[in-house]
Amino acid sequence: MVARSRGATQGPGAAGFDEQLEQARLLERASDFQAALDAYGRLARLDPTRREPLQGLRRLYAERGSWDAVLQVAELEMGLLAEPEEKARLLTQMARIWERDLGDFDQAQQLLARARSERSHGPKPPAEASAREETSAPTLVQRAWLASARGDTQRAVAALHDALARDASDVEALDMLLTVLEGAERYAEMSDLLERRASLATEDATRSVVLARLGALRETQQGDLAGARLAYERAVEADRNNRAARSALQRLYRRAAAWPALRALLETATESGTPADRAAACAALGALLEQQLDDPRAAESAYEKAVKLAPEDTEAIEGLRRLRERESGLPAPRASSRRAKAIAQLERMTQPDPDPPRDEAPAGATSPVAARADSNRRVATLREELRHAGPERELALQVALVDLL
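Everything in this summary refers to the structure shown in the same document. (Residues numbered from 1 in each chain as written. Predicted model: local features only at pLDDT ≥ 70, side-chain atom pairs only at ≥ 80, totals over all residues. Heavy atoms only, no water.)

A word on the overall build of the protein
Part 1 of the argument: Within the protein, the regular secondary structure consists of 21 helices and 0 strands.
Part 2 of the argument: Per-residue burial for the protein yields a buried fraction of 40% across its 405 residues.
Part 3 of the argument: Put simply, of all contacts in the protein between residues at least 6 apart along the chain, 53% involve residues at least 24 apart.
Part 4 of the argument: Of the roughly 21,600 Å² that the protein leaves accessible, carbon and sulfur atoms contribute 49%. (Helix = DSSP H or I, 4+ residues; strand = E, 2+ residues; numbered from the N terminus. Buried < 20%, exposed > 50% of the residue type's maximum accessible area, 1.4 Å probe, protein only. Contact = heavy atoms within 4.5 Å. Areas by Shrake-Rupley, 256 points an atom, 1.4 Å probe, with all protein chains shown as cover.)

Next up, the structure:
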C-alpha cells in the first residue's frame with residue numbers, strides 16, 4: 001500500500017514524471033508485479049496530485065485479488081476527484097467490489113448511497129452527454145479493468161478495442177490491452193499493437209524497451225528470426241545501452257554467423273556503459289576477432305583494452321596469452337586463475353609420496369604401488385590437457401578434475 005505524507009514532494013517536472021509513469025506501465029504489462037507496484041508507489045509519493053499512479057496500483061491489486069488494498073487505494077483516489085460525477089463512478093465501482101468479490105451487500109449499499117448523494121450535488125447531465133460518457137475511452141478502460149479482474153478476458157479485450165477506436169493514442173488502454181492479451185497467450189494479436197506502442201513512446205529508452213519486447217515476441221512465440229533481428233536492431237538504435245536488446249541481438253548474430261554485424265555491434269558496445277560492461281564487450285570483441293575473423297592484431301588490441309578496463313578479466317588475459325603463445329611458438333605464462341589453481345593442485349598430486357605404500361595386496365587385487373602409478377598417469381594426462389586446452393574445453397576438464405578428486 002502507498003501512504004500519503006505531508007512531506008511528499010509535489011509538482012515534479014511533467015516530462016520526468018510522465019517518463020517514469022510509462023516505465024511503470026511497461027513493468028505492469030511485462031507482469032513484473034513487484035517492480036510495477038514499487039514504481040507506481042514511488043510515483044504516488046512523488047506527486048500526490050496525480051491520479052494515474054493510484055489507478056495503476058488499483059489494477060495491480062485487482063489482478064492479485066487484493067480487494068482490501070484496491071478499496072484503500074480507491075479511497076485515496078477519491079480525495080483527488082473534484083467532479084461529483086467522477087466520484088459517483090468510482091464509488092459505484094467500489095460498491096461492485098464489496099458486493100461481487102467481498103460479499104458484503106450492506107457495505108455496497110452504503111457506497112451506492114454515497115454515489116447517489118454525489119450525483120445529487122452535481123449538475124444533471126443531459127441524456128445525450130450521459131450516453132457519451134458511458135462510451136468514453138476512460139470509462140471503457142475502467143470497464144475493461146473490472147472485467148479483467150473477474151477473469152473475463154473477452155469482455156476486457158472488447159472494451160479496450162472500443163477505447164482505442166475512440167482514442168488511438170490512449171497509452172493506458174494500449175498497455176492494458178497488451179497485458180491482457182499476453183496473459184491470455186494471444187501472442188498473434190500483439191505484434192501490431194507493440195509497433196503502435198513504440199510509435200507512441202515519447203522517450204527513446206521507452207521505445208527501446210517496447211521494441212525489444214517485440215523482438216522477443218517474434219523470436220520466441222512466432223519463430224520469426226528475421227523480424228526479431230530487425231526489432232532488436234531498432235531497439236539498440238533507439239537506446240544502445242539497452243542490455244537485453246544488445247544481448248539478444250548478439251545471440252541472433254552468432255546463430256546466423258553474421259560476424260561483420262556482430263563486430264559492429266560489439267564495437268559500439270565498447271564505447272558506452274560501465275567499465276565492467278565495456279570490458280566484457282572488449283573481451284567478446286577480441287574473441288570474435290581471434291576465432292572467427294582471424295585478425296590477431298585487432299584481437300590483441302581489444303583484449304588489451306578489456307584488461308585495462310578490468311584487470312581481473314580472465315577471458316581477456318587468456319586471449320592475450322593465446323595470441324602471444326601463437327606468435328612466439330613458446331608456451332606463455334598463464335594468468336593466476338581457476339585454471340592455474342587446478343594445474344597447481346595436479347602438480348602437487350604428482351609429487352613423490354614421502355611415505356610410499358607397501359607393495360602388498362591380496363591375490364587378484366591391484367597392488368597399492370600399481371594403483372598409485374595409474375593415478376599419477378591420469379593426473380599427469382589431465383594436467384597436460386588442462387594446460388593446453390582452449391576455453392571451450394576448460395569446463396569439461398574442471399569437471400574431470402572434480403571426479404578425479
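What follows continues from the structure just given.
As for the pattern of salt bridges
Part 1 of the argument: Evaluation of the coordinates by the stated rule reveals 25 salt bridges.
Part 2 of the argument: Between Asp18 and Arg50 there is a salt bridge whose closest N-O contact spans 2.9 Å. In this pair, Asp18 sits in helix 1 (residues 14-29) while Arg50 sits in the loop between helix 2 (33-46) and helix 3 (52-63), placing the two residues 32 residues apart along the sequence.
Part 3 of the argument: Its relative accessible area of 33% is what places Asp18 among the partly exposed residues. (Salt bridge = Lys/Arg side-chain N within 4 Å of Asp/Glu carboxyl O.)

Remarks on the environment of Ala216
Part 1 of the argument: Mapped onto the secondary structure, Ala216 falls in helix 12 (residues 204-221).
Part 2 of the argument: For Ala216, a relative accessible area of 30% gives the class partly exposed.
Part 3 of the argument: Considered as a pair, Ala216 and Ala248 are 32 residues apart in the sequence and their alpha carbons are 8.2 Å apart.
Part 4 of the argument: Not counting chain neighbours up to four residues away, the residues in contact with Ala216 comprise Gln221 and Tyr232.

Regarding empty space enclosed by the protein
Part 1 of the argument: Considering all chains together, one arrives at 4 cavities of 30 Å³ or more under this definition.
Part 2 of the argument: Size it by volume and the largest cavity reaches roughly 60 Å³.
Part 3 of the argument: Together, Trp67, Arg96, Ile97, Arg100, Asp101, Trp145, Leu146, Ala149 and Arg150 line the largest cavity.
Part 4 of the argument: When residues of the lining of the largest cavity are traced back to their parent elements, those giving at least two are helix 5 (84-101) and helix 8 (137-149).
Part 5 of the argument: Counted as a void, the second largest cavity has a volume near 40 Å³.
Part 6 of the argument: Lining of the second largest cavity is provided by Gln55, Arg58, Arg59, Val141, Gln142, Trp145 and Glu172.
Part 7 of the argument: When contributions to the lining of the second largest cavity are tallied by element, the ones reaching two or more residues are helix 3 and helix 8.
Part 8 of the argument: Here the lining of the second largest cavity is built from residues that sort into 2 nonpolar, 2 polar and 3 charged. (1 Å grid on protein atoms, 1.4 Å probe; cavity = no way out; pocket = protein on both sides within 12 Å on 5 of 7 lines; lining within 4 Å. Points joined across faces, edges and corners; volume = space filled by probe spheres on them. Nonpolar A, V, L, I, M, F, W, Y, C, P; charged D, E, K, R; others polar.)

Some words on the packing of helix 15 (residues 259-269) against helix 16 (residues 275-291)
Part 1 of the argument: Running from amino to carboxyl end, helix 15 crosses helix 16 at an angle of 155°, the nearest separation of the two axes being 8 Å. On the basis of their axis angle, the class for helix 15 and helix 16 is roughly antiparallel. Considering only the axes of helix 15 and helix 16, their crossing is left-handed. Of the residues in helix 16, those in contact with Trp259, Leu262, Arg263, Leu266, Glu267 and Ala269 of helix 15 are Arg278, Ala281, Ala284, Leu285, Leu288 and Leu289.
Part 2 of the argument: Looking at side-chain class alone, the contact of helix 15 with helix 16 contains 9 nonpolar, no polar and 3 charged residues. (Axes fitted to C-alpha atoms, helices over the stretch in contact; angles between N-to-C directions. Parallel < 35°, antiparallel > 145°, perpendicular 65-115°, else oblique. Left-handed = near helix turned anticlockwise from the far one by under 90°.)

Overview of helix 15
Part 1 of the argument: What helix 15 keeps buried is the set Leu262, Leu265, Leu266 and Ala269. Down the axis of helix 15, the buried set is contained in an arc of 95°. They therefore lie on one face.
Part 2 of the argument: In this structure, the buried residues of helix 15 make contact with helix 13 (225-238), helix 14 (243-255) and helix 16. (Arc of directions from axis to C-beta.)

A short note on the side chain of Glu219
Part 1 of the argument: With respect to the helices, strands and loops of the structure, Glu219 is situated in helix 12.
Part 2 of the argument: Among the polar contacts listed, one links the side chain of Glu219 to the side chain of Arg251, at a separation of 2.8 Å.
Part 3 of the argument: Every residue in contact with Glu219, bar those within four places of it in the chain, is listed here: Asp224, Leu225, Ala228, Tyr232, Arg251 and Leu252. (Polar contact = N/O pair within 3.5 Å; in protein donor to acceptor, adjacent residues only side chain to side chain.)

Observations concerning helix 13
Part 1 of the argument: Between its terminal C-alpha atoms helix 13 stretches 20 Å, which fits the 20 Å expected from 14 residues at 1.5 Å a residue.
Part 2 of the argument: Regarding helix 13, the residues found buried are Gly227, Ala228, Ala231, Tyr232, Ala235, Val236 and Ala238. (Expected span 1.5 Å × (residues − 1).)

Re the environment of Gly286
Part 1 of the argument: The residue Gly286 is located in helix 16 in this model.
Part 2 of the argument: For the pair Gly286 and Glu300, spaced 14 residues apart in sequence, the C-alpha separation works out to 6.7 Å.
Part 3 of the argument: If we ignore the near neighbours within four places in the chain, the residues touching Gly286 are Ala299, Ala302 and Tyr303.

Looking at the packing of helix 5 against helix 6 (residues 105-121)
Axis angle and axis distance: for two packed helices, these are the angle between their axes and the distance between the axes, and together they describe the pair.
Part 1 of the argument: In contact at an axis separation of 8 Å, helix 5 and helix 6 are set at 170° when each is read in the N-to-C sense. Between helix 5 and helix 6, the interaxial angle falls into the category roughly antiparallel. Here Pro84, Glu85, Lys87, Ala88, Arg89, Leu91, Thr92, Met94, Ala95, Trp98 and Glu99 of helix 5 come into contact with helix 6, specifically with Phe105, Gln107, Ala108, Leu111, Leu112, Arg114, Ala115, Glu118 and Arg119.
Part 2 of the argument: When its residues are assigned to classes, the contact of helix 5 with helix 6 shows 11 nonpolar, 2 polar and 7 charged.

Here's the deal with unusual backbone geometry
Part 1 of the argument: With a phi close to 55°, Ala257 is a non-glycine residue in the positive phi region.
Part 2 of the argument: With respect to the helices and strands, the residue Ala257 is situated in the loop between helix 14 and helix 15.
Part 3 of the argument: The exposure class of Ala257 is partly exposed, given its relative accessible area of 40%.
Part 4 of the argument: One non-glycine residue, Asp294, adopts positive backbone phi at about 50°.

Some thoughts on the side chain of Glu172
Part 1 of the argument: Note on placement: Glu172 falls in helix 10 (residues 171-183).
Part 2 of the argument: Setting aside chain neighbours within four positions, we find Glu172 in contact with Arg25, Gln55, Arg59 and Val141.

As for the environment of Leu57
Part 1 of the argument: Note on placement: Leu57 falls in helix 3.
Part 2 of the argument: Leu57 sits 17 residues away from Ala74 along the chain, and the two C-alpha atoms are 9.3 Å apart.

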